[in-house]
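# Secondary and tertiary structure notes
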Amino acid sequence: MNARLQIIEADLHAAWLDALAGDATSYQAVLTRLSGHLRVFLRRRLLDKPEDVEDLVQEILLSIHQKRHTYDPKQPLTAWIYAIARYKLIDHLRAQARHDDKNDSIDDWHDQLWMVSTEDADASKAHLTHMLSQLPDKQRLPIEHTKLEGHSVAEAALLTGQSESAVKVNIHRGLKALAKLYGGVF
């Protein structure tokens, strides 16, 4: 461990021991300092999900608070803290993977729809109209307004009388239904 890290460890360790002895000021100071270290740690590992960093910092701090009685003062504090942070990060990534497996991005469907339509230039407008006619109006109209006519979701909501979130959901469901009907080409 380099000299700078040894100084940080020694300072944090001493303040943590004071905090465990009941010094509220030390406890607040340690948690504030740890927050900064944890943000750096998490930002490096969640480059594609920066919006998750702050929530995860709070989860880790809560876990540290709940597990503070398990800390062995003979051990380095930062090793104990980062072990908790790693476990929380792994739990978060696993939960995110399970969530991502269950949810498709509407943007992916949009890209796939346009990729198919440009690759298959021979597909006539009549064929597309027939395919869309298989859908209920609540799904067909948002797709037509946003994907074919180029309206925004907000504009499609006004045109269909649906809420913006309903438009997004109905686009997603409509595209999934088309994929199911036509063998996954969407």
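Residues numbered from 1 in each chain as written. Predicted model: local features only at pLDDT ≥ 70, side-chain atom pairs only at ≥ 80, totals over all residues. Heavy atoms only, no water.

The subject of this paragraph is the overall build of the chain. For the chain, the count of helices and strands is 9 helices and 0 strands. Secondary structure elements of the chain occur, N-terminal to C-terminal, as α-α-α-α-α-α-α-α-α. When each of the 186 residues of the chain is scored for burial, the buried share is 32%. A separation threshold of at least 6 residues defines the contact pool for the chain, and within that pool the share at least 24 residues apart is 59%. For the chain, the accessible area works out to roughly 11800 Å², and carbon and sulfur atoms hold 54% of it. (Helix = DSSP H or I, 4+ residues; strand = E, 2+ residues; numbered from the N terminus. Buried < 20%, exposed > 50% of the residue type's maximum accessible area, 1.4 Å probe, protein only. Contact = heavy atoms within 4.5 Å. Areas by Shrake-Rupley, 256 points an atom, 1.4 Å probe, with all protein chains shown as cover.)

Glancing now at the packing of helix H7 (residues 137–148) against helix H8 (residues 153–160). Contact geometry for H7 and H8: axes closest at 9 Å, N-to-C directions at 140 degrees. Classified by the angle their axes make, H7 and H8 are oblique. Judged by the twist between their axes, the crossing of H7 over H8 is right-handed. Judged by residue contacts, Leu 141, Pro 142, His 145 and Thr 146 of H7 engage Val 153, Ala 156, Leu 159 and Thr 160 from H8. Of the residues belonging to the contact of H7 with H8, the class tally is 5 nonpolar, 3 polar and no charged. (Axes fitted to C-alpha atoms, helices over the stretch in contact; angles between N-to-C directions. Parallel < 35°, antiparallel > 145°, perpendicular 65-115°, else oblique. Left-handed = near helix turned anticlockwise from the far one by under 90°. Nonpolar A, V, L, I, M, F, W, Y, C, P; charged D, E, K, R; others polar.)

Let's shift gears to helix H3 (residues 53–67). With 15 residues, H3 should cover 21 Å at 1.5 Å per step; its first-to-last C-alpha distance of 21 Å lies within 8% of that length. What H3 keeps buried is the set Val 53, Leu 56, Val 57, Ile 60, Leu 61, Ser 63 and Ile 64. Considered in projection along H3, the buried side chains sweep an arc of 160 degrees and stay on one side of the axis. (Expected span 1.5 Å × (residues − 1). Arc of directions from axis to C-beta.)

What follows is about the side chain of Asn 170. Topologically, Asn 170 is positioned in helix H9 (residues 164–181). With sequence-adjacent residues up to four places away left out, Asn 170 is seen in contact with Lys 138, Gln 139, Pro 142 and Gln 162.

Another aspect to go through is the packing of H7 against H9. Viewed as axis vectors pointing N to C, H7 and H9 meet at an angle of 100 degrees, and their least axial separation amounts to 8 Å. One element, H7, and the other, H9, form an angle in the roughly perpendicular class. Between H7 and H9, the residues in contact are Lys 138, Gln 139, Pro 142, Ile 143, Thr 146 and Lys 147 and Val 167, Asn 170, Ile 171, Arg 173, Gly 174, Leu 175 and Ala 177, respectively.

Taking 1.5 Å as the rise per residue, helix H2 (residues 24–45) with 22 residues should run 32 Å; its terminal C-alpha atoms sit 31 Å apart, in good agreement. Those residues of H2 that fall on the buried side of the exposure criterion are Ser 26, Tyr 27, Val 30, Leu 31, Leu 34, Ser 35, Leu 38, Phe 41 and Leu 42. Among the residues of H2, the N-terminal cap falls to Asp 23, whose side-chain oxygen and the backbone nitrogen of Thr 25 are separated by 3.0 Å. (Polar contact = N/O pair within 3.5 Å; in protein donor to acceptor, adjacent residues only side chain to side chain.)

To continue, consider the nonpolar core. Of all hydrophobic cores here, the largest spans 26 residues; its most connected members are Trp 16, Leu 38, Leu 42, Ile 60, Ile 64 and Trp 80. Those elements that place two or more of their residues in this core are helix H1 (3–20), H2, H3 and helix H4 (77–102). The biggest single contributor to this core is H2, with 7 residues. Judged by nonpolar contacts, the second largest core, of 10 residues, contains Leu 132, Ile 143, Ala 156 and Val 167. (Core = buried A, V, L, I, M, F, W, Y, C linked by side-chain atoms within 4.5 Å.)

A few words on the pattern of salt bridges. In a structure, side chains of opposite charge can pair up when their charged atoms sit close to one another. Scanning all chains against the criterion turns up 3 salt bridges. When the shortest N-O distance is used, the salt bridge between Glu 54 and Arg 39 registers 2.7 Å. Note that Glu 54 is positioned in helix H3 and Arg 39 in helix H2, a separation of 15 residues in sequence. Here the residues in one salt-bridge network are Asp 137, Arg 140 and Glu 144, joined through shared partners. (Salt bridge = Lys/Arg side-chain N within 4 Å of Asp/Glu carboxyl O.)

Take the confidence of the model for the chain next. On average, residues of the chain carry a pLDDT of 83, and 82% of them reach 70 or more. When pLDDT is averaged over each element of the chain, H3 comes out on top at 93 and helix H5 (residues 106–119) at the bottom at 52. (pLDDT = per-residue confidence, 0-100.)

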